[in-house]
Amino acid sequence: MQHQKHLFDLSNDITYLNGAYMSPQLQSVTEVGLMAVTQKAKPYKITGEDFFTQKEILKQRFATLVGALDYKNMAIIPSVSYGIANAAQNIPIHMGDEILVVDEQFPSNVYIWQEVAQKHGASIKIIKPPVSFKNRGALWNQNILDAITKKTTVVAMPHIHWADGTLFDLKTIRERTKSVDAFLIIDGTQSVGALPFSIDEIAPDALICGGYKWLLGPYSIGMAYYSDAFNEGIPIEQNWMNRYNSEDFTGLTQYENRYKEKAARYSVGESSNFVLTPMLIRAIEQLIEWTPAAIQDYCKRISEEAVEYLKQLGCFIEDDLYRAHHLFGIYLPNHIDLELLKSKLKREDIFVSYRGNAIRVSPNVYNSKIDFDRLTSQFN
Ligand SMILES: Cc1ncc(COP(=O)(O)O)c(C=O)c1O
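Quick caveat, the model's predicted, so the values are computed rather than measured.

Chemist: What's the story with the packing of helix α2 (residues 50–65) against helix α8 (residues 276–290) in this structure? I'm lost.
Modeler: The relative placement of two packed helices is expressed as an angle between their axes plus a distance between the axes. It is the contact of α2 with α8, at a shortest axis distance of 9 Å, that shows an interaxial angle of 25°. Classified by the interaxial angle, the pair formed by α2 and α8 is roughly parallel. The two elements α2 and α8 meet at a crossing, and its hand is left-handed. For the pair α2 and α8, contact is made by Q54, K55, I57, L58, R61, F62, T64 and L65 and by T277, P278, L280, I281, I284, E285, L287 and I288, respectively. Looking at the contact of α2 with α8, its residues break down into ten nonpolar, three polar and three charged.

Chemist: Help me understand the layout of surface pockets, please; the structure alone is not making it clear to me.
Modeler: To find leftover empty space, a probe the size of one water molecule is rolled over the atoms. Within this model, the largest pocket holds a volume of roughly 400 Å³. Along the wall of the largest pocket there are 31 residues; nearest its centre are V80, F106, T189, Y212 and K213. Residue assignment for the lining of the largest pocket shows that the elements contributing at least two residues are α3 (80–89) and β5 (152–158). Its residues placed into classes, the lining of the largest pocket shows twelve nonpolar, 15 polar and four charged.

Chemist: Sorry if this is basic, but what is going on with the site of the ligand here?
Modeler: Around the ligand sit S79, V80, S81, F106, S108, W162, D187, T189, Q190, Y212 and K213, and that is every residue in its neighbourhood. K213 has a polar side-chain atom sitting 2.8 Å from an oxygen atom of the ligand. Computed on the free molecule, the ligand has an accessible area of 400 Å², of which 86% lies beneath the protein chains in the complex. One can see that the ligand is located within the largest pocket.

Chemist: Sorry, what's going on with the domain arrangement of the protein here?
Modeler: By a widely used convention, the size of an interface equals the accessible area lost when the partners come together. The domains assigned to the protein are domain 1 (5–26 + 291–377) and domain 2 (43–290). The centre of domain 1, based on its C-alpha atoms, is set 27 Å off from the matching centre of domain 2. In this assembly, domain 1 packs against domain 2 so that about 2,800 Å² is buried in total across both faces, 65% of it on carbon and sulfur atoms. Contact with domain 2 buries surface across domain 1, with P292, Y322 and H326 losing the most and accounting together for 20% of the total. Scanning the region where domain 1 abuts domain 2 turns up zero salt bridges. Put simply, the parts of the chain that give the side of domain 1 that touches domain 2 at least two residues each are α9 (292–312), β9 (328–330) and β12 (358–361).

Chemist: Please explain the side chain of N18 as it appears in this structure.
Modeler: Position of N18 relative to the elements: it lies in the loop between β1 (15–16) and α1 (27–39). Take N18: its relative accessible area is 5%, and that puts it in the buried class. Here the side chain of N18 touches S353 through a polar contact of 2.7 Å, side chain to side chain. Excluding anything up to four places from it in sequence, N18 contacts F351, V352, S353, R360 and S362.

Chemist: Looking at this structure, how should I read the pairing of strand β7 (residues 206–210)?
Modeler: Side-chain positions along a regular strand alternate between the two faces of the sheet. Burial analysis of β7 places five of its five residues in the buried class, the great majority of the element. Residues A206, I208 and G210 of β7 are buried on one face, and the alternating residues L207 and C209, pointing to the opposite face, are buried as well. Inspection of the sheet shows strand β6 (residues 183–187) paired to β7 by three bridges, in the parallel sense. Bridge pairing links I186 to L207 in β7. Where β7 meets strand β8 (residues 222–226), five bridges bridge the pair, whose relative direction is antiparallel. Bridge assignment links C209 to a residue of β8, and that residue is M223.

What counts, and where the lines are drawn
Residues numbered from 1 in each chain as written. Predicted model: local features only at pLDDT ≥ 70, side-chain atom pairs only at ≥ 80, totals over all residues. Heavy atoms only, no water. Axes fitted to C-alpha atoms, helices over the stretch in contact; angles between N-to-C directions. Helix = DSSP H or I, 4+ residues; strand = E, 2+ residues; numbered from the N terminus. Parallel < 35°, antiparallel > 145°, perpendicular 65-115°, else oblique. Left-handed = near helix turned anticlockwise from the far one by under 90°. Contact = heavy atoms within 4.5 Å. Nonpolar A, V, L, I, M, F, W, Y, C, P; charged D, E, K, R; others polar. 1 Å grid on protein atoms, 1.4 Å probe; cavity = no way out; pocket = protein on both sides within 12 Å on 5 of 7 lines; lining within 4 Å. Points joined across faces, edges and corners; volume = space filled by probe spheres on them. Near = heavy atom within 4 Å. Polar contact = N/O pair within 3.5 Å; in protein donor to acceptor, adjacent residues only side chain to side chain. Areas by Shrake-Rupley, 256 points an atom, 1.4 Å probe, with all protein chains shown as cover. Sits in = over half its atoms within 2 Å of the grid points. Domains from an automatic or database assignment. Buried area = accessible area lost by both parts, 1.4 Å probe. Salt bridge = Lys/Arg side-chain N within 4 Å of Asp/Glu carboxyl O. Buried < 20%, exposed > 50% of the residue type's maximum accessible area, 1.4 Å probe, protein only. Pairing = 2+ DSSP bridges.

What follows is the structure, encoded as structure tokens:
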């Protein structure tokens, strides 16, 4: 993997280390989007078939990216909260059950669980990291494993923590959830696209991803995988397109009880979205060509010297084994003033995020080692 900045529209004057906030757009994705926007000026060119073809392609591409055997387990969603809500609605939850989440998890994978817990008399168990930084990633993973018991109905968590990139060992967590018959629902928004993920290997019950970060897509479209456990479920909305035979526009009022196969029922209404769908297809095709493994390796290469330097300054950055390389947190030592550093980074147009107590740095293939040199030079 080489530096790919030429494929984006990023100015040389800024240092964008904030893909976890929102990715910049590939020029090729912008082109697809602009063409798609103008299409509506000539609606007579949009055929009945067009309502169905692109969305099937999108599901196929996403299935390839995440190593799923059947693209029919995929659905198109407008947001992560929507995708998680479809899963939450179809998991039987009873009085006394426990739903596990990790500490300071992104709210789209928390609020809905709070609601279902309240409705059914279940409780939410928040799995915290250890107080000290020593062995933090390993101990946090262990805390999750220890918390999964016969009372656990759902473990709803990410692959990496959105604030500091702590990596969760989903394979081992999956084994533990299986042993107690608990569902594993993954929010892959901050990882899928830049960190390898295999449905075939992890076998989660659902994987939900927003599209505008590491999938390099536009805002308001994302992708979901629902395992066969959800094949007979009830979606949170009832859109005509997801019913059997909806391609026959003349017969739409012969109301159809049957849904289309597998996860098609969970796609949002108007999922043929003529602008966003082709844009996300293009973005995912680029990611498939690059591969998440190569992106991860690239991010490691361009950041490793900076990470070493910052650790020597006294910053805490998680051990390589327990964090991602496309998104990681820098926890400052007492002698570095966060507010002063923030103002320096702002003045130099260096874009990062501040999440929890960490400075969140999130590079991608449009970055290079020079961006990290610029960042570290502000720490002096
Ligand atoms: C981990 C994670 N999940 C989900 C989202 C977005 O959620 P939604 O699509 O529901 O707005 C974000 C946005 O920052 C995120 O970081």
